[in-house]
Amino acid sequence: MLTDFFLHLKARSLPVSTREYLSLLEALQADVIGPSIDEFYALARMTLVKDESLFDKFDRAFGEFFRGIDKLPGLSADIPEEWLRLQAKRHLSPEERAKLEKLGWDKLMEEFRKRLAEQKERHAGGSKWIGTGGSSPFGAHGYHPEGIRIGPESAGNRTAVKVWEQRQYRNLDDSVELGTRNIKLALRKLRRFAREGAVEELDLDNTITATARNAGWLDLKMRPERHNAVKVLLFFDIGGSMDDHVRVCEELFSACRGEFKHLEYFYFHNCVYESVWRDNQRRNSSRKPLDEVLHTYGPDYKLIVVGDATMSPYEIMVPGGSVEYHNKEAGAVTLRRLFDAYPAACWINPEPEGSWNYRQSIALIRQILGERMFPLTLDGLTRAMQHLTRKR
């Protein structure tokens with residue numbers, strides 16, 4: 001099976017070598033990991049991948065090959081404790097979920113402080129204490145319509161308004177081969193060429209016409225060299241619910257890199273706050289203040305924000321509402337500052353346009369931006385490019 005896995009990585013254009021594969025086998029023979037597929041993933045990536053930019057491509061190839069496998073064949077071990085803890089996860093009916101009450105931002109934070117002060121031991125299940133499973137607003141692997149997740153894994157409900165953990169995101173792969181040319185064709189509607197620069201390019205058509213009018217005497221005509229004058233500032237939402245849209249976002253990113261000579265890009269999570277970052281591996285140490293971005297890239301840039309706008313309303317409307325840290329200003333304030341700085345700006349949403357009216361956070365962002373949100377479809381991209389090229 002491992003030989004097939006090695007050949008699968010090669011088929012996915014990952015530069016893995018036989019020497020690296022043998023190192024992986026030596027590590028397995030030395031029993032440096034247990035039978036967990038998660039431990040094998042970490043070991044395989046460490047031994048086979050030497051370039052951080054290939055991590056995302058490796059993750060996709062690994063997921064394709066090991067889909068549905070939860071342990072390595074041939075290795076025996078006791079069931080890991082974390083697997084048993086996951087069994088405590090409550091499966092509530094829609095009626096039971098509807099009965100759970102949202103506390104509101106202030107009450108939620110007040111109750112969380114009380115639980116931290118009162119709780120003295122681990123807890124699983126139930127509806128009050130910080131723990132796993134159950135319907136408490138605090139913990140992991142359970143369900144509550146509005147709570148604080150504490151732990152490295154999500155139950156998949158996407159209802160947390162705060163997350164206490166170190167979260168890791170991946171950079172988008174800008175070398176993805178596009179399945180169709182539709183995105184590039186839509187983006188080309190934004191391209192505009194300005195005649196500027198030194199007179200150094202032969203205007204062949206005008207030279208032929210002028211020579212003919214001059215009774216055959218050569219009359220050279222020159223014109224300014226044409227440069228792509230479009231400048232694009234691209235913001236990508238990364239992580240969380242955007243994991244569902246990684247593929248199409250990578251296609252969009254790859255198309256933008258191919259179409260626009262003057263392209264600058266940054267990442268954010270859920271809502272744009274006081275800072276953004278260029279590299280997800282270093283996002284906690286190499287953030288760039290948003291004000292610095294606005295001063296570096298002038299209003300001649302066209303702003304494109306890509307995100308599903310799906311989050312807790314607190315992340316938009318309340319200072320400190322970010323799921324990851326305490327933002328000084330509400331997300332609505334920084335969003336207005338960002339969009340006010342660029343006359344030509346739009347938000348592209350990969351969520352189906354028909355679902356927008358059912359997401360409170362999407363409605364709030366559309367209220368802030370006006371009619372500047374478009375779906376990530378061929379028609380939506382065409383409308384977005386037309387909006388960006390409109391005279392103001």
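Described in the following lines is the structure provided in the data block. In this text, all values refer to a predicted model and were calculated from it rather than measured experimentally. (Residues numbered from 1 in each chain as written. Predicted model: local features only at pLDDT ≥ 70, side-chain atom pairs only at ≥ 80, totals over all residues. Heavy atoms only, no water.)

1. Here's the deal with helix 10 (residues 246-259)
Okay, step 1: Taking 1.5 Å of rise per residue, the 14 residues of helix 10 would be expected to cover 20 Å, and the 20 Å separating its terminal C-alpha atoms lies within 8% of that figure.
Okay, step 2: The buried count for helix 10 comes to 10 of 14 residues, which makes it a mostly enclosed element. (Helix = DSSP H or I, 4+ residues; strand = E, 2+ residues; numbered from the N terminus. Expected span 1.5 Å × (residues − 1). Buried < 20%, exposed > 50% of the residue type's maximum accessible area, 1.4 Å probe, protein only.)

2. Structural notes on the pattern of salt bridges
Okay, step 1: Scanning the entire structure with this criterion turns up 13 salt bridges.
Okay, step 2: Across the pair Glu 64 and Arg 12 runs a salt bridge, and its minimum N-O distance is 2.8 Å. Of the two residues, Glu 64 sits in helix 4 (residues 55-65) while Arg 12 sits in the loop between helix 1 (2-11) and helix 2 (18-29), which places them 52 residues apart along the sequence.
Okay, step 3: A salt bridge links Arg 337 to Glu 329; its shortest N-O distance comes to 3.0 Å.
Okay, step 4: Relative accessible area serves as the criterion here: at 28%, Arg 337 is assigned to the partly exposed category.
Okay, step 5: Here the salt bridges do not stand alone but share partners, grouping Asp 56, Arg 60 and Glu 250 into one network. (Salt bridge = Lys/Arg side-chain N within 4 Å of Asp/Glu carboxyl O.)

3. Considerations on the environment of Val 16
Okay, step 1: Positionally, Val 16 belongs in the loop between helix 1 and helix 2.
Okay, step 2: The exposure class of Val 16 is buried, given its relative accessible area of 4%.
Okay, step 3: Sequence spacing of Val 16 and Phe 6 is 10 residues, and the spatial spacing of their C-alpha atoms is 7.8 Å.
Okay, step 4: Ignoring any residue separated from it by four or fewer positions in sequence, one finds Val 16 in contact with Phe 6, Leu 9, Lys 10 and Leu 48. (Contact = heavy atoms within 4.5 Å.)

4. Comments concerning the state of the cysteines
Okay, step 1: Tallying each qualifying case throughout the model produces 0 disulfides.
Okay, step 2: In this structure Cys 256 is a free cysteine whose sulfur lies 10.0 Å from that of Cys 346, the closest cysteine sulfur available. (Disulfide = S-S within 2.5 Å.)

5. Some words on the packing of helix 3 (residues 37-48) against helix 4
Okay, step 1: The interhelical angle for the contact between helix 3 and helix 4, taken along N-to-C directions, is 140°, at an axis separation of 11 Å. With respect to each other, helix 3 and helix 4 are oriented oblique. By crossing handedness, the relation of helix 3 to helix 4 is classed as right-handed. Two secondary-structure elements touch here, helix 3 through Ile 37, Phe 40, Tyr 41, Ala 44 and Arg 45 and helix 4 through Phe 55, Phe 58, Asp 59 and Phe 62.
Okay, step 2: The class makeup of the residues in the contact of helix 3 with helix 4 is 7 nonpolar, no polar and 2 charged. (Axes fitted to C-alpha atoms, helices over the stretch in contact; angles between N-to-C directions. Parallel < 35°, antiparallel > 145°, perpendicular 65-115°, else oblique. Left-handed = near helix turned anticlockwise from the far one by under 90°. Nonpolar A, V, L, I, M, F, W, Y, C, P; charged D, E, K, R; others polar.)

Read these as spatial facts, not as claims about activity.
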